[in-house]
Amino acid sequence: MKISEGVVALLAAASILLALLISIVDLPQQYVWLRPEVVCLVVLYWVLYTPQSFGLGIAWLVGLAQDVVEASVWGAHALALCLVAYVVQSSYQRLCAHSPWQQCFWIFVLVGLHQIFVNWMQGLDGFAGPISFVMLPTIISALCWPLLVRVLHQLRGHYRLFQRDRGRRQGPSRYSNS
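Described below are features of the structure shown in this document.

In terms of nonpolar packing, the biggest core is built from 34 residues, with Leu44, Tyr45, Trp46, Leu81 and Trp145 touching the most fellow members. Mapped by element, the contributors of at least two residues to this core are α1 (3-23), α2 (38-49), α3 (56-70), α4 (76-90), α6 (100-124) and α7 (132-158). No other element matches α2, which puts twelve residues into this core. Beyond its immediate sequence surroundings of up to four residues, Trp145 is in contact with Leu41, Leu44, Tyr45, Leu48, Tyr49, Pro100, Gln103, Cys104 and Ile107.

Below, the structure written as structure tokens:
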């Protein structure tokens, strides 16, 4: 493992830990349903921008940690995060081609899918919540996406964790005349 890969792993772990802490912060009862799905957003970010090192297994483990931290149905967040991570991994090149503001629509769909799946699993356990409990966090999460991308991009830029080989010449190709 290169040093930059270790720093990416450390930064991803720190951001996931912070997201898990944010997910359990006490809020007044009237604001609980305005909390964005920060854990889902952070997992989506790392799967989208580092698909080679952040995959379904890590999404599963993060989901299990979220289930434990939030004391919810065991495996609900794990399965939901795996589902959205799979969708992002299978289409990350198309998603990365858009700006963060254009990605907000896809984030809305993916977080909504996550929310619907988790609420369905919790419904099987006896919890029945109204649709506003699903829609409000999904909308707020989609609106928070550009801010999250900017903050994590700046952190990655600070530690120079982006791929630097885009502008470098890799040597003569077999199709060039040199």
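So that's the structure; there's more coming.
Here we come to the packing of α3 against α4. The contact between α3 and α4 brings their axes to 7 Å, and the two run at 150 degrees. If you check the angle between α3 and α4, you find them roughly antiparallel. For the pair α3 and α4, the crossing hand works out as right-handed. Contacts from Leu56, Ala59, Trp60, Val62, Gly63, Leu64, Gln66, Asp67 and Glu70 of α3 reach α4 at Ala76, His77, Ala78, Leu79, Leu81, Cys82, Ala85, Tyr86 and Gln89. Residues that form the contact of α3 with α4 fall into these classes: twelve nonpolar, four polar and two charged.

On to α4. One turn of the α-helix equals 3.6 residues, which is why residues spaced by three or four share an orientation. Over its 15 residues, α4 runs 21 Å from end to end, which matches the ideal 21 Å to within 8%, given 1.5 Å per residue. Here α4 has its buried residues at Ala76, His77, Ala78, Ala80, Leu81, Cys82, Val84, Ala85 and Val88. Among the structural elements, α2, α3, α5 (92-96) and α6 are those in contact with the buried residues of α4.

Parameters and conventions
Residues numbered from 1 in each chain as written. Predicted model: local features only at pLDDT ≥ 70, side-chain atom pairs only at ≥ 80, totals over all residues. Heavy atoms only, no water. Core = buried A, V, L, I, M, F, W, Y, C linked by side-chain atoms within 4.5 Å. Buried < 20%, exposed > 50% of the residue type's maximum accessible area, 1.4 Å probe, protein only. Helix = DSSP H or I, 4+ residues; strand = E, 2+ residues; numbered from the N terminus. Contact = heavy atoms within 4.5 Å. Axes fitted to C-alpha atoms, helices over the stretch in contact; angles between N-to-C directions. Parallel < 35°, antiparallel > 145°, perpendicular 65-115°, else oblique. Left-handed = near helix turned anticlockwise from the far one by under 90°. Nonpolar A, V, L, I, M, F, W, Y, C, P; charged D, E, K, R; others polar. Expected span 1.5 Å × (residues − 1).

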